[in-house]
Number of protein chains: 2
Amino acid sequence: MIQLSDRMLPLEARRLGIDTRQEPIVFMRSDCPVCRSEGFAALSRVLVSSDSQHIIATLNIVTSDMVAPGQIGFSESAWRRLDLVEGTPIHVSHPPPIQSLSYVRAKVYGHTLDEMQLQSIINDIVDGRYADVQVAAFITACGSDRLDLGEITALTRAMIKAGETIDWGLPMVIDKHCVGGLPGNRTTPILVPILAACGLTVPKTSSRAITSPAGTADTMEVLTNVSLSQEQIRDVVKREGACLAWGGSVRLSPADDLLIQVERALDIDSEGQLVASVLSKKIAAGATHVLIDIPVGPTAKVRSQAQADKLAATFEDVAAALGLNIRVICTDGSQPIGRGVGPGLEAKDLLAVLQCKPDAPAELRTRACLLAGALLEMAGKAAEGRGQALARETLDSGLAWQKFQAICRAQGALKRPPVAPYRYSLTTPRAGQVLSIDNRLLSKIAKLAGAPLDPAAGVEISVRLGDSVEPNDVLLMIHAESSGELNYAVDYLEAHPDVIQLTPEGNTP
Amino acid sequence: MIQLSDRMLPLEARRLGIDTRQEPIVFMRSDCPVCRSEGFAALSRVLVSSDSQHIIATLNIVTSDMVAPGQIGFSESAWRRLDLVEGTPIHVSHPPPIQSLSYVRAKVYGHTLDEMQLQSIINDIVDGRYADVQVAAFITACGSDRLDLGEITALTRAMIKAGETIDWGLPMVIDKHCVGGLPGNRTTPILVPILAACGLTVPKTSSRAITSPAGTADTMEVLTNVSLSQEQIRDVVKREGACLAWGGSVRLSPADDLLIQVERALDIDSEGQLVASVLSKKIAAGATHVLIDIPVGPTAKVRSQAQADKLAATFEDVAAALGLNIRVICTDGSQPIGRGVGPGLEAKDLLAVLQCKPDAPAELRTRACLLAGALLEMAGKAAEGRGQALARETLDSGLAWQKFQAICRAQGALKRPPVAPYRYSLTTPRAGQVLSIDNRLLSKIAKLAGAPLDPAAGVEISVRLGDSVEPNDVLLMIHAESSGELNYAVDYLEAHPDVIQLTPEGNTP
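The structure displayed is predicted, hence computed values, not measured ones.

Asker: Got a minute to help me understand the relation of the copies chain B and chain A in this structure?
Answerer: Superposition of the two copies of the chain requires a rotation about an axis and a shift along the axis. Mapping chain B onto chain A calls for a screw motion: a turn of 180° about the axis and a shift of 0.0 Å along it, with 0.1 Å RMSD after fitting. These values place the two chain copies in the arrangement generated by a two-fold rotation axis. Looking at the rotation axis and the C-alpha trace of chain B, the residue lying nearest is Val-133 of chain B, at 2.3 Å. A symmetric contact is evident, with 100% of the interface residues of chain B recurring at the interface of chain A.

Structure representation (structure tokens):
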């Protein structure tokens, strides 16, 4: 059908500089002859072709002079996908039907999909043939526990195949993943150098924050350079046995990134998609031994032990079907792990642990050693029950700190975390015991203060569950890089005083 | 949370003239302090407030000078919803959570929703609180036959309550609906004057084409004025007992319009939503007696008799629960009804039937009388089995044609259909019998020729199933208002010669 539009004069490409994330959008004038003859309306899906490439995009109709007659405007994602320059001749026509949507419909009608059908859906999503609403339909159709084990395994394979994979040519490659939701849970930059110092290969790539105040990549970025190419990652891992890089510049399981964008807007839990998402990334990254950390708590992502057990079983079954060694640990998710929430504050915490400072957050050290210990046991570096001790020894000997510095230097820099000039302390007017800490509200306050874009911004929590406090004790401190953002976070804090709850008055010990 | 943003300076509203249909979109600069402090990213849902009103919109981030510093750009729907003028001060903040999304999630997890929950979802959709991907999740969760009768009934009630309703103060108000998919099936403008001439009240509002080459409103628009206010509709119906107006200027079941936009992109059949959609519109319009026409055929919307029977039963059960008199007729959907496809050509057909011309399309007359007859019997104007005869008499006596002219004059005009200057005839190179006619391809060709925007454009079919043809007989003729559009439709026809298939060579009688 591409040749159909040849009779029409081409339009001139114009970059509009509009970020619509993954969904490519083109902007055409309502009086454009192509719109009229094709019968295009706002939100039509259209096939947009340059001489060398084509994409499917969503159409927005323009009634102003934002786009001149004879032009067609492009969102950033559409511009990049077509690799355009200003004025490139563009043809627009009706897209061919998307065959794989019939499989999405089959899933809606309760059918079980096979690997070919899931591969076809995933390929079309990665190739940009689905509108966001169609991705939403796929996610919803797979929601709850509508995918069986065979489908989750097939979906994982399909997501791996739709992207690049890294083959390390090694019998054992270590990775870990935390099923999010816990602020300040920055164990990765501690356990990676512990494991590497013990001789394991840990090519760790992490994500930036999407809805949280900091991702591991954001935190590591205040300490070193994390934007590495696949070649640079290989070099660092070859030299130091490990890296702490951002995963965004390597194209591992790109379907996952696209699905996550829409999943976030829906907030529909799909155990099957969560498992496929995590395992496809790990297997594509070349991991052979993977630890999954599931924090469980009332304000964490997974809220009950029963839910965690079910999720753990699915992880184990699908990993077994894919030949991946896996271990799942359920941990306490009832409160933040370190003291800081936000890139710079979390970096400060993890440096204190690595440097064995006396005031280092004890829970962060314990949690990192617990997870590192499990991996050391999985990898045969420690006998069962001896892993945590080996992890602690590696920290206490300074070997982990040395390895961390070596990794950062291999990545091109070893920087000091930034410090925020503006602060606000929340104190308690009365004595009591800390009864609850709301992870979600803490994250929100840290984001309002500027995290993660302002690396020094965030929240520092001074208490833990069960702590006794006296009048005027500091409960938490907000850090910000500007007074405007500080005020913003303070406003929110004042409207939500239940972020840290004390025992009711009179109940103090 | 609205007061939170008061510390920030307001932004200046700027109308960008971008049509994104129902979804309100705002455009903010990536360096905008509000984006930074709120942590907004592309596709964030944001609460946009003027002094007097607020809406929830989807954010697009702009990296060009399309929006100046200190400004915020608006899509047409966002601009209209907030009723803005250039430069209005605007505050932007995080929207409150949407409670009803938890009911959508409950539906995904297989729970049955009650009327309060469905009402809450529908109200939020009508109020613009849902992003399109969230509407898609709701539609998908209700897809296949996941809504039970109680839910469909509750959904219908909720959709009625979310809009305006018309009360005619009459014991009997007639309406009809065709479950689409059949080109040229323009029976409504024929049966409405038949019924009105027999003394029935038929305040018919119709839709414009969305994906088809013509809606009833498009066809009527070439003959009279169809954009009537609710007040004008009342006047016309009071004078003539009937109208033939466009339904778009009255706000009946607005949820339906919003759901349809997204359903179209998904093409997921939901029997429950189809029934709720049709019945909510009819009840809101004040109808008491409704006829549903379900054309059944391999290229119609409903493809098998079993599917039609199931759908008919659901219509009947839900209508009974809502106290609506209903009758469902399944008709032959294997080929177009009239000869013309496109507003002007369909108008020509229906005028020929109303004027009892000898060359009027026989099937269109028969079909209109069948449906009118069923309604005359429902309404007690004819004994069972006598309705079609009364309909034919009303046509043959000229009373229906007189009533049609009176209705058009009451609506402000009686115009002659336009005629297209450019034509292309498809002839057959050999003799044979007509084996099949593809409704979907015919619609596509008519749209490529310019229908419905070019009212004279479309396709005229010269043959019916089973007809014998000789070499050089005309099978169909394309009409267009410009040579460019004619070529466009001809290209498509040449690429799809199977639009009309003859018996294989040697099988001719």
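Asker: Can you help me understand the sheet that holds strand β14 (residues 422-427) of chain B in this one?
Answerer: The strands that make up a sheet are held in pairs by hydrogen bonds between backbone atoms, and each pair lies either parallel or antiparallel. Residue and element names in this part refer to chain B. Spatially, β13-β16-β18-β14 is the arrangement adopted by the four strands of the open sheet, whose pairing is antiparallel. Pairing within the sheet leaves two strands with one partner each, and these edge strands are β13 (340-341) and β14. Sheet topology note: the β13/strand β16 (residues 458-461) ladder contains two bridges and is antiparallel. Directly across from Gly-340, in β16, lies its bridge partner Glu-460. Set on the sheet, helix α17 (residues 439-448) makes contact with β13, β16 and β18 (474-480); between it and β16 the angle comes to about 135°. Across the sheet, helix α18 (residues 483-495) touches β14 and β18, and the angle it forms with β14 is around 15°.

Asker: Got a minute to help me understand helix α9 (residues 230-240) of chain A in this structure?
Answerer: Spacing of three or four residues puts side chains on the same side of an α-helix, whose turn is 3.6 residues. Residues and elements named next belong to chain A. Regarding α9, the residues found buried are Ile-233, Val-236, Val-237 and Glu-240. Along the long axis of α9, the arc covered by the buried residues comes to 95°, so they all point the same way. Set apart from the buried face of α9 by more than 90 degrees, the exposed residues are Glu-231, Lys-238 and Arg-239. A positive backbone phi angle near 80° is found at Gly-241, which sits one or two residues after α9.

Asker: Even after reading the chapter, I still don't get the interface of chain B and chain A, so can you show me in this structure?
Answerer: How big an interface is tends to be expressed through the accessible area that disappears when the partners come together. Taken together, the contacts link 55 residues of chain B with 56 residues of chain A. Viewed at the interface, chain A and chain B are joined by zero salt bridges. Across the chain B-chain A interface, the total number found is ten residue pairs in polar contact (both at pLDDT 80 or more). Contributions of two or more residues to the side of chain B that touches chain A are made by β2 (18-19), α1 (33-38), β5 (54-62), α3 (101-108), α5 (132-141), α10 (254-266), α17 and α18 of chain B. Among the elements that make up the side of chain B that touches chain A, the one with the highest residue count is α5 of chain B (seven residues). As defined by bridge partners, strand β2 (residues 18-19) of chain A adjoins β5 of chain B across two bridges and the pair is classed as antiparallel. Bridging across to β5 of chain B, Asp-19 of chain A finds its partner in Ile-61 of chain B.

Asker: Sorry if this is basic, but what is going on with the sheet that holds strand β19 (residues 500-502) of chain B here?
Answerer: Residue and element names in this part refer to chain B. Spatially, β17-β15-β19 is the arrangement adopted by the three strands of the open sheet, whose pairing is antiparallel. Either end of the sheet is taken by a strand with one partner, and the two such strands are β17 (468-469) and β19. Pairing of strand β15 (residues 432-437) with β19 involves three bridges; the strand directions are antiparallel. Its bridge partner being in β19, Val-434 is matched across the sheet by Leu-502.

Asker: Is there a simple way to think about the packing of helix α7 (residues 188-197) of chain B against helix α14 (residues 362-378) of chain B in this case?
Answerer: A pair of packed helices can be characterised by two numbers: the angle between their axes and the separation between those axes. Residue and element names in this part refer to chain B. The geometry of α7 relative to α14 is characterised by a closest axis approach of 9 Å and an angle of 40° between their N-to-C directions. With respect to α14, the axis of α7 lies oblique. In this structure, α7 crosses over α14, and the sense of that crossing is right-handed. Facing α7, whose interface residues are Ile-190, Leu-191, Ile-194 and Leu-195, α14 presents Leu-364, Ala-368, Leu-371, Ala-372, Leu-375 and Leu-376.

Asker: What exactly am I supposed to notice about unusual backbone geometry here?
Answerer: Between Ala-451 of chain A and the following residue, Pro-452 of chain A, the backbone shows a cis peptide bond with an omega angle of 0°. Topologically, Pro-452 of chain A is positioned in the loop between α17 (439-448) and β16 (458-461). If you check the backbone angles, Ser-253 of chain B has positive phi at about 45° while not being a glycine. Position of Ser-253 of chain B relative to the elements: it lies in the loop between β10 (242-246) and α10.

Asker: I tried to follow the packing of aromatic side chains on my own but got confused; where do I start?
Answerer: Think of a pair of aromatic rings as described by two things: how far the centres are apart, and how the planes are tilted against each other in angle. For the structure shown, the criterion picks out four aromatic pairs over all chains. Here Phe-74 of chain A and Trp-79 of chain A contribute two aromatic rings whose centre-to-centre distance is 5.9 Å and whose plane-to-plane angle is 70°, an arrangement assigned as edge-to-face. Judged on exposure class, the residue Phe-74 of chain A and its partner Trp-79 of chain A are both buried. Directly above the ring of Trp-168 of chain A sits Arg-234 of chain A, whose terminal nitrogen or CZ lies 5.3 Å from the centroid. Here Arg-208 of chain B stacks its cationic end above the ring of Trp-246 of chain B, 4.4 Å away from the centre of that ring.

Asker: What should I look at first to understand the side chain of Gln-71 of chain B in this one?
Answerer: Residues and elements named next belong to chain B. Structurally, Gln-71 is set in strand β6 (residues 71-74). Residue Gln-71 is classed as buried on the basis of its relative accessible area of 17%. In this structure Gln-71 touches Leu-11, Glu-12 and Arg-14, once residues within four positions along its chain are discounted.

Asker: Help me understand the packing of helix α3 (residues 101-108) of chain A against helix α5 (residues 132-141) of chain A in this model?
Answerer: Residue and element names in this part refer to chain A. For the pair α3 and α5, interaxial distance at closest approach is 9 Å and the crossing angle is 35°. Both α3 and α5 take part in a crossing whose hand is left-handed. Contacts between α3 and α5 pair Leu-101, Val-104, Lys-107 and Val-108 from the former with Gln-134, Ala-137, Phe-138 and Ala-141 from the latter. Its residues assigned to classes, the contact of α3 with α5 comprises six nonpolar, one polar and one charged.

Asker: What's the story with the confidence of the model for chain A in this structure? I'm lost.
Answerer: Fine structural detail should not be taken from predicted coordinates in areas where pLDDT scores are low. Residue and element names in this part refer to chain A. Per-residue confidence for chain A gives a mean pLDDT of 91; residues scoring 70 or more make up 97%. In this model residues 1-6 is a low-confidence stretch, pLDDT under 50, and it forms 16 contacts with partners more than four residues away in sequence or in other chains. If you check the scores for this complex, the pTM reads 0.84 and the ipTM reads 0.82.

Asker: Whenever I open this one, the pattern of salt bridges confuses me. Can you help?
Answerer: Residue and element names in this part refer to chain A. All told, the structure shown has 46 salt bridges over all chains when counted by the stated rule. Here Asp-31 makes a salt bridge to Arg-29, at a shortest N to O gap of 3.0 Å. Given the relative accessible area of 47%, Asp-31 is considered partly exposed. A relative accessible area of 11% places Arg-29 in the buried class. Connected through shared salt-bridge partners, Arg-29, Asp-31 and Asp-65 make up one network.

Calculation rules
- Residues numbered from 1 in each chain as written.
- Chains lettered and ligands numbered in written order.
- Predicted model: local features only at pLDDT ≥ 70, side-chain atom pairs only at ≥ 80, totals over all residues.
- Heavy atoms only, no water.
- Least-squares fit on C-alpha atoms with pLDDT ≥ 70 in both.
- Contact = heavy atoms within 4.5 Å.
- Pairing = 2+ DSSP bridges.
- Helix = DSSP H or I, 4+ residues; strand = E, 2+ residues; numbered from the N terminus.
- Axes fitted to C-alpha atoms, helices over the stretch in contact; angles between N-to-C directions.
- Buried < 20%, exposed > 50% of the residue type's maximum accessible area, 1.4 Å probe, protein only.
- Arc of directions from axis to C-beta.
- Salt bridge = Lys/Arg side-chain N within 4 Å of Asp/Glu carboxyl O.
- Polar contact = N/O pair within 3.5 Å; in protein donor to acceptor, adjacent residues only side chain to side chain.
- Parallel < 35°, antiparallel > 145°, perpendicular 65-115°, else oblique.
- Left-handed = near helix turned anticlockwise from the far one by under 90°.
- Phe/Tyr/Trp six-rings, centres within 6.5 Å; stacked < 30°, edge-to-face > 60°.
- Lys NZ or Arg CZ within 6 Å of the ring centre and 35° of its normal.
- Nonpolar A, V, L, I, M, F, W, Y, C, P; charged D, E, K, R; others polar.
- pLDDT = per-residue confidence, 0-100.

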